[in-house]
Each structure stands twice: as structure tokens, then as C-alpha cells.
Amino acid sequence: MLELKKLYFTAQNSNDENGTLRNIIDGMDFHFERGKFYAITGPNGSGKTTLAKLIMGIHPVTSGSIIFQGKDIASLSITERAKLGIAYSFQQPARFKGITFRDLLSIATGTDEEKVFLDIVSRVGICPLSFLDKEIDSTLSGGEIKKIELATTIAANPTLAIYDEPDTGIDLWTIRPMVNLLKKELTPDKTTIVVSHNKSFLDAADVIIILSHGKIAYTGNLNDALPLLNDLSICTYHQKIEGIENAECFR
Amino acid sequence: MLSALDKTLLKTVADLESLPQGAYNIRKNGKLLHREVSANINIETNADGTGIVVIIKPGTKNESVHIPVILSQAGLYDVVHNSFIIGENSDVTIIAGCGIHCGSSEAEGHAGIHDFHVGKKAKVTYVEKHFAMGEGKGKRTLNPTTKVFLEEGATAEMELTQISGVDEANRLNEAELGPDSFLFITERVLTEGNQSALSTNNVILQGSGSRANMISRSVIKGNSKQIFHASMDARNKCFGHIECDAIIMDNGTNETIPALKALHPDAELTHEASIGKIANDQLTKLMSLGLTYDQAVNRIIQGFLK
């Protein structure tokens, strides 16, 4: 389904005046399979969001390849990747003036049919119907906009769905339905990748991927991952407060 | 009779496919083309012949008046003074607009000076669209002025739009608010090429409990230029808000100057303003749903000016 081959993303160290470069994604190889739910976790600044953005084409790949359904997509635009069936749920969704949830659904589905929108709203379950004509502006709460973000991603009916920290700002009693929803949306021909620190998503995942310093530190089931997760959270505490990637995580 | 060109202009500025229902007054090249009055809405030429007086009987509900102006005569600069007297407790919609078709190298222009007297507890919705087209190189100028007087408990909702094709605009909106009245202005202006637009807005919150909300959305394309002034003078216990956002594309320039003047200790005034290019996260989001870069830009602008 999706294969990363010697994937690198290099950026300038943000607090280094000499402009030294750092590999934020440092030569990554991995194969994501169909029908599986992946949870990417790891300390702040380990490269989780960067990796997700490289797959969607939001950041340009420095070197290496991203093979999606047999085709190298590393040089394709965001639009082209979206048309191939990749969708992305942003950690901090964009806010617009004058664009409603209905407008986003219309763009995602390519139709204006009311019935299609109603079906999506009921399928997603976590967004009330009253959201449809809400503007995606600064009046939405953090939780509301995340629910809408998730719904537009599902509406695009992607083959590969990437969710970057979908639970940010979501109330505790919505997280379980959200996990169930993502599990339900995952059919055998699709792949789901969730970037998260939330135990509910890690519990639900078929495969846990732990990143550390831009490399894959672990892949496998959750039980075996727990000791490592504990170690990483302590060892890298100081890294949390420095660097471009960390700033991004906190934004 | 309406020509094909008249119909295009009317469709664009007033959403009219043919002559409207109810009261209307269509002005073409400085002269009356069609007029119709209704039982509750009278339209007459004013005393000095420079425009019309629209009188809406007290208690008139859910009626509308169309007063479009169309211009297609080379070299004409049409100035019109229109007055609207809106009776107490009425609720009406007035649809104005000016469409210019410029077919030659001579300049064409229109200045519509509209004053509104909105009676006690009356509500008026005023929709005004400005648009110019045509293959001619002559300068198209539109200089609209609105003056609004709101009596106690009156409401005016004004939607003022300059769509495209206007080379030079000098827009002036003034309002004076009586007790417990409410004014809501939304202004949308798009300029492109070497066009320029100046918009000046002066709102006086005179009465106790009056409220005003002014929203301005500007899109500045090409080498065009927009200047936006908005001031709210609070002279009583009242609430006023100004929200002005400008999106700059290409090499456009914008100056936004909001002014809040609290001349009473119980006045509450707020404003928010932003000028900048389209936010990257907005473009990225729409592209991730399958739009191309250009489609995403258009969709964002379309929503912003909606």
C-alpha cells in the first residue's frame, strides 16, 4: 500500500545561527499494509507530524521515495496525492471566513447533494446536523473544529487516511466513539495512520510505530512497546522545549 | 424595452431576469426607464428632478423595492439623489445597484447618493451591488454615498458590494443611530489591475442602547489599491464593533484605518483588523481535499466575499 524508502527530510536548526542542518526524518524505511490501523507515537520533536506531512506532500521530501500503490509519489503535489486517495486531518485545522462545513464537504465529495452530506454526518456521528451551515471560523471551539476536520477527511473517502493528533481538544467522552469510528471506516482495502499520544488510539492500533530522533525506534504491538514508551518520555524530556519541530508540536 | 445588454447588467447588479414584482424604478443613462409603485410603496421624482423619493407606508411588511441604475452611454457621469422614507414598524428590502457597460474610450460614471430615514421600530435591508464591464477603455467610476438615520428601535442591514470592473471608487457611508437602534453594514470590495477604491465610513452612536457592527472584506488583486477608513463615535451607552479584513494578492496595497471614539463612559467599542495574503494553512487544507492551488485560491476568495 505505502512504502517509505530511505526517506529523509532535512531542515535548518531553528536556533542555530550557523544554519547547521538536521535530519528531522533520518533515513526511514517502512511498509504500511492494507487493512491495518497504525499508530505513530514518540516524544515531541521525534518527527511524527513531519513524517505525516511528507506522506501528504505538505513538506517536500529531501531524498528517498514514497511508494503509494506501486507509484513513487514523492514529487507529486498535495492535490495530486489527494486525487490518488490520500487524505489528511490536520492537528491544527485551518479556519476560514465565509466557508462552511457544508462547503468543505462539497469540496471533499465533489457534490452538492444534501443526501450525501446527511449520510456523512450520520456516518461520522460526532458532528450534529446543526454543524452543516457553521462557518469554519474562529467562533468554533477547538473540539468542534477537530470533529469537522475528521469528518471532511472521512468524506473524502480516502484509501490512505492520515490523522494528526485527532483527539486534541476533544472531550473525553468523544474519544472512544472517535476511535470506534476510525476503526469502522477502515475496510480491508484501506490503511489508517494516526499520530497520537492517546492510549485509546494506541490500544486500537494493529501496529505501533515509535519514532525517536527521526528514526523508527520500534514497530510492533502495544504491550512490548510500553517499556520503551516510558523510557523515551523520560530520556527526551529536555528535547521537548527546543527546536522547530517542538515549536510545531506545541502550536 | 430592455435590451440584451440591459438584461445582463440588471442580472448582475440586481439578480433580475426581467422586470421585477412589486415596486421598482429602473434608471438608464440618467433617465427613467421603468417605474412601478405598489399599494404600500410610492416612488416619485424628487422636487428638483435629480432623483427619486421612495416612501414606504408604516407597517408595510415583507415587500421589496428594486431601484437599479444602468449606464451604457459614453461620456456620461450620472449623479442621482435618492431618498427613502421608511415608515414605522415596516420591514422592507431595497435592492439597488449600478451596472456600467463601457463600450468606448470615454469615461462613464455614476454617483448614487442615498439617504435613508428609518422610522421607529422599522427594519430595512439594503442591498447594493456595483459592477462594470465592457470592451471600452474609458474609465469607469462609481462613487456611492449612503446616509442613514435610524429612529428609536430601528434596524438597518446594509450589504454594499463592489464586484469587479470599477476603475475608481470613492465610497462614503454615514449613519446616525437613535436609541436602541441597530446598524449592520457589510461591505465587500474587490479591486484588480490598476483600480483603486477608497471607502470612508462614519458611524455616530447617538442614542442610548444603540448598536453598530461594521464588517469590511477587501480583496486587492494585481496592482490595485484600497484604503478603508471606519470610525465609530460613541456618544451614549452603546456598543460598536468594526471588523476589517483585507486579502492582498499579487502587488496590491491596502491601508486600513479603524477609529474608535468613546465619548461616553458606558460606551463599548471593539475592533479587529487583519491584512495579509491568503493563509497557507487554508490553501493546504483545500488542496488536501483535491483542489488545485488556483481552485483553492478562488474558493477562499469566493467565501471571503460571500
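Quick caveat, the model's predicted, so the values are computed rather than measured.

How would you summarise the overall build of chain B if you had to cite specific residues and measurements?
Counting secondary structure elements, chain B contains 3 helices and 20 strands. Relative to its length of 306 residues, chain B is compact, with a C-alpha radius of gyration of 20 Å against a globular reference of 19 Å. With 306 residues in all, chain B has 43% of them scored as buried. A separation of at least 24 residues holds for 80% of the contacts in chain B among residues at least 6 apart in sequence.

So what about the sheet that holds strand S20 (residues 267-276) of chain B? Which residues, and what values?
Residues and elements named next belong to chain B. The strand order across the open sheet formed by 10 strands is S2-S1-S5-S7-S9-S12-S14-S16-S18-S20, and the pairing between neighbours is mixed. Edge positions in the open sheet fall to strand S2 (31-36) and S20, since each of these has one partner strand only. Taking the axes of each pair of neighbouring strands and ignoring which way they run, one obtains an average angle of 5° across the sheet. In the sheet, strand S5 (residues 61-71) pairs with strand S7 (residues 91-101) via 10 bridges, with the strands oriented parallel. Looking at S7, one finds that His-66 is bridged to Ile-95. Contacts between helix H1 (residues 4-14) and the sheet are confined to strand S1 (23-28), S5, S7 and strand S9 (123-133), with S7 contributing the most and set at about 135° to the helix.

Provide a residue-level description of helix H1 (residues 48-56) of chain A, including the pertinent values.
Residue and element names in this part refer to chain A. For H1, the tally of buried residues reaches 9 of 9 residues, placing the bulk of the element in the interior. Listed as buried for H1 are Lys-48, Thr-49, Thr-50, Leu-51, Ala-52, Lys-53, Leu-54, Ile-55 and Met-56. Remark: Gly-57 follows H1 within two positions and exhibits a positive phi of approximately 90°.

Mind laying out the packing of helix H2 (residues 280-288) of chain B against helix H3 (residues 293-304) of chain B, listing which residues take part and the relevant values?
Residue and element names in this part refer to chain B. Two elements in contact, H2 and H3, have axes separated by 9 Å at closest approach and are oriented at 120°. Remark: the crossing between H2 and H3 carries right-handed chirality. Residues Gln-282, Leu-283, Leu-286 and Met-287 of H2 lie in contact with H3, whose contacting residues are Tyr-293, Ala-296, Val-297, Arg-299 and Ile-300. Grouping the amino acids of the contact of H2 with H3 by side-chain chemistry returns 7 nonpolar, 1 polar and 1 charged.

Can you break down unusual backbone geometry residue by residue, with the values?
In the Ramachandran plot, Glu165(A) falls in the positive-phi region, its phi being about 45° despite a non-glycine side chain. Within the fold, Glu165(A) resides in the loop between strand S7 (160-164) and helix H6 (172-185). C-beta crowding within 10 Å serves as the criterion here: with 22 such atoms nearby, Glu165(A) is assigned to the buried category. Backbone geometry places Lys121(B), a non-glycine residue, at a positive phi of 55°. With respect to the secondary-structure elements, Lys121(B) resides in the loop between strand S8 (108-118) and S9.

Describe the interface of chain B and chain A, and please don't skip the residues or the numbers.
With 18 residues of chain B in contact, the opposing surface of chain A contributes 21 residues. Broken down by secondary-structure element, the contributors of at least two residues to the side of chain B that touches chain A are H2 and H3 of chain B. Looking at which element gives the most residues to the side of chain B that touches chain A, the answer is H2(B), with 7 residues. Broken down by class, the residue content of the side of chain B that touches chain A amounts to 7 nonpolar, 6 polar and 5 charged.

Break down the pairing of strand S11 (residues 145-150) of chain B for me, with residues and values.
Residues and elements named next belong to chain B. Of the two faces of S11, only one is covered, namely that formed by Thr-146, Val-148 and Leu-150; the face formed by Thr-145, Lys-147 and Phe-149 stays uncovered. Bridging between S8 and S11 involves 6 bridges; their strand directions are parallel. Considered in S11, the bridge of His-117 is made with Phe-149. Sheet analysis places S11 next to strand S13 (residues 168-177), joined by 6 bridges and oriented parallel. Bridging across to S13, Thr-145 finds its partner in Leu-172.

Got a sec to walk through the environment of His101(B)? Specific residues and values, please.
All names here are of chain B. Relative to the helices and strands, His-101 resides in strand S7. Taking the number of C-beta atoms within 10 Å as the measure of exposure, His-101 has 21 and is therefore buried. The spatial distance from the C-alpha of His-101 to the C-alpha of Pro-58 is 37 Å, given a sequence separation of 43 residues.

Now, about the nonpolar core: what can you tell me, with residues and values included?
Counting residues in hydrophobic clusters, the biggest one holds 142 residues, and the most contacted among them are Ile66(A), Ile162(A), Ile94(B), Val118(B), Val124(B), Ala156(B) and Leu183(B). Discounting residues that sit within four places of it in the chain, Ile94(B) has contacts with Val65(B), Ile67(B), Phe84(B), Val124(B) and Tyr126(B).

Give a detailed account of the pairing of strand S10 (residues 215-220) of chain A, specifying residues and quantitative values.
One ladder, built from 5 bridges, connects strand S9 (residues 207-212) of chain A with S10(A); its direction is antiparallel. Each bridged residue has a counterpart across the sheet, and for Ile210(A) the counterpart in S10(A) is Tyr218(A).

Any chance you could break down the packing of helix H3 (residues 101-109) of chain A against helix H5 (residues 142-155) of chain A for me, citing the residues and the numbers?
Residue and element names in this part refer to chain A. Look at H3 against H5: their axes get within 8 Å of each other, and the N-to-C directions meet at 25°. Regarding the angle of H3 to H5, the classification is roughly parallel. Taken as a pair, H3 and H5 cross one another with a handedness that is right-handed. Where H3 abuts H5, its residues Phe-101, Leu-104, Leu-105, Ala-108 and Thr-109 lie against Ile-148, Thr-152 and Ala-155. Of the residues in the contact of H3 with H5, the class split is 6 nonpolar, 2 polar and no charged.

I'd love a proper account of H5(A), names of residues and values included.
All names here are of chain A. Counted at 1.5 Å a residue, the expected span for H5 with its 14 residues is 20 Å, and the 20 Å between its end C-alpha atoms agrees. Burial of H5 is extensive: 11 of the 14 residues sit out of reach of the surface. Check the buried side of H5 and you find it contacts strand S6 (86-89), H3, helix H4 (114-124), S7 and H6. One or two positions beyond H5, positive phi appears at Asn-157, with a value near 55°.

Conventions we followed
Residues numbered from 1 in each chain as written. Chains lettered and ligands numbered in written order. Predicted model: local features only at pLDDT ≥ 70, side-chain atom pairs only at ≥ 80, totals over all residues. Helix = DSSP H or I, 4+ residues; strand = E, 2+ residues; numbered from the N terminus. Rg over C-alpha atoms; globule rule 2.2 N^0.38 Å. Buried ≥ 20, exposed ≤ 12 C-beta atoms within 10 Å, placed from the backbone. Contact = placed C-beta atoms within 7 Å. Pairing = 2+ DSSP bridges. Axes fitted to C-alpha atoms, helices over the stretch in contact; angles between N-to-C directions. Left-handed = near helix turned anticlockwise from the far one by under 90°. Nonpolar A, V, L, I, M, F, W, Y, C, P; charged D, E, K, R; others polar. Core = buried A, V, L, I, M, F, W, Y, C linked by C-beta atoms within 7 Å. Parallel < 35°, antiparallel > 145°, perpendicular 65-115°, else oblique. Expected span 1.5 Å × (residues − 1).

By themselves these figures say nothing about function.
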